[in-house]
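# Remarks on the overall topology
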Amino acid sequence: GMLLALLTVLTLQEPAVSGAIRAFEARRYAEARPALQANAKADPRAPLYLGRLELLEGDAAGAVPWLEQAVKAAPRSAEAHRWLGRAYARQARRAGRLKQASLAGRVRESFE
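Residues numbered from 1 in each chain as written. Predicted model: local features only at pLDDT ≥ 70, side-chain atom pairs only at ≥ 80, totals over all residues. Heavy atoms only, no water.

## With respect to the packing of helix 3 (residues 45-56) against helix 4 (residues 60-73)
We apply this condition: What counts as an axis is a line fitted to C-alpha atoms, over the stretch in contact for a helix, and the angles between N-to-C directions run from 0 to 180 degrees. By definition, any uninterrupted DSSP run of H or I lasting at least four residues is a helix, any uninterrupted run of E lasting at least two residues is a strand, and each is numbered from the N terminus. What sets the label is the angle itself: under 35 degrees gives roughly parallel, over 145 gives roughly antiparallel, 65 to 115 gives roughly perpendicular, and the rest give oblique. Take the far helix as the reference: if the near one is turned anticlockwise from it by less than a right angle, the crossing is left-handed, and if turned clockwise, right-handed. Two residues qualify as a contact provided that any one of their heavy atoms is within 4.5 Å of a heavy atom in the partner residue.
In contact at an axis separation of 8 Å, helix 3 and helix 4 are set at 165° when each is read in the N-to-C sense. Taken together, the axis directions place helix 3 and helix 4 in an arrangement best described as roughly antiparallel. The interaxial crossing formed by helix 3 with helix 4 has left-handed handedness. On helix 4, the residues touching Pro47, Leu48, Leu50, Gly51, Arg52, Glu54 and Leu55 of helix 3 are Ala60, Gly62, Ala63, Trp66, Leu67, Gln69 and Ala70.

## Brief notes about helix 5 (residues 78-94)
Because the α-helix completes a turn every 3.6 residues, residues three or four places apart line up on one side. Put simply, the rule reads: One less than the residue count of a helix, multiplied by 1.5 Å, gives the span that helix is expected to have. Relative accessibility thresholds used throughout: buried, under 20% of the residue-type maximum; exposed, over 50%; partly exposed, between the two (1.4 Å probe, protein chains only).
Over its 17 residues, helix 5 runs 25 Å from end to end, which matches the ideal 24 Å to within 8%, given 1.5 Å per residue. All of the buried residues along helix 5 are Ala80, Trp83, Leu84, Gly85, Ala87, Tyr88, Gln91 and Ala92.

## Describing the pattern of salt bridges
Keep this limit in mind: A carboxyl oxygen of Asp or Glu within 4 Å of a side-chain nitrogen of Lys or Arg is what we treat as a salt bridge.
All chains considered together, the criterion is met by five salt bridges. The salt bridge partner of Arg52 is Glu79, with a shortest N-O separation of 3.7 Å. Of the two residues, Arg52 sits in helix 3 while Glu79 sits in helix 5, which places them 27 residues apart along the sequence.

## Observations concerning the environment of Pro44
Inspection of the secondary structure puts Pro44 in the loop between helix 2 (29-38) and helix 3. The class of Pro44 is partly exposed, set by a relative accessible area of 39%. Residues Pro44 and Ala73 lie 29 residues apart in sequence; the distance between their C-alpha atoms is 5.5 Å. Apart from the residues within four sequence positions on either side, Pro44 is in contact with Ala70 and Ala73.

## Things to note about the nonpolar core
Short version of the rule: Nonpolar cores were defined as sets of buried Ala, Val, Leu, Ile, Met, Phe, Trp, Tyr and Cys residues, with membership established by side-chain atoms within 4.5 Å.
Judged by nonpolar contacts, the single largest core of 25 residues is most densely connected at Leu36, Leu48, Leu55 and Leu67. At the level of elements, helix 1 (2-25), helix 2, helix 3, helix 4 and helix 5 are the ones that each hand at least two residues to this core. Aside from chain neighbours lying at most four places away, what touches Leu36 is Val17, Ala20, Ala46, Tyr49, Leu50 and Leu53.

## Some thoughts on the confidence of the model for the protein
Rules: Confidence of the predictor at the level of single residues is captured by pLDDT, which takes values from 0 to 100.
Here the protein shows a mean pLDDT of 85. Residues at 70 or above account for 81%. Mean pLDDT across the elements of the protein bottoms out in helix 1 (70) and peaks in helix 3 (97).

## Digging into the packing of helix 2 against helix 3
Packing of helix 2 against helix 3 brings their axes to within 9 Å, and their N-to-C directions diverge by 140°. When the interaxial angle is binned, helix 2 and helix 3 end up oblique. In this structure, the crossing between helix 2 and helix 3 has a hand that is left-handed. Residues Tyr29, Arg33, Leu36 and Gln37 of helix 2 touch helix 3, and the partners they reach there are Ala46, Tyr49, Leu50, Leu53, Glu54 and Leu56.

Structure below.
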């Protein structure tokens, strides 16, 4: 019962997120965002693309929480770690010296 319900939910979300990713890749960002946001907790791909959207809009600080969520959901994903490292690096460029030092460690850790 419970497993079937979970599988049904996941099956229904799969096309929404896959369609949103296709929209993202076609640069139809306004179309992609609502489906990604609606599925951010259920599908580990959604936060990755939401973080990438924030980076495209120049908001590294907004991207970091999404990309941290993506890494937490898929800790072995090299892609999630790479994008998180990029977000930390962009944040560091605009940060003060002290903040840059703490972000440098995070950047290195993400890329490793």
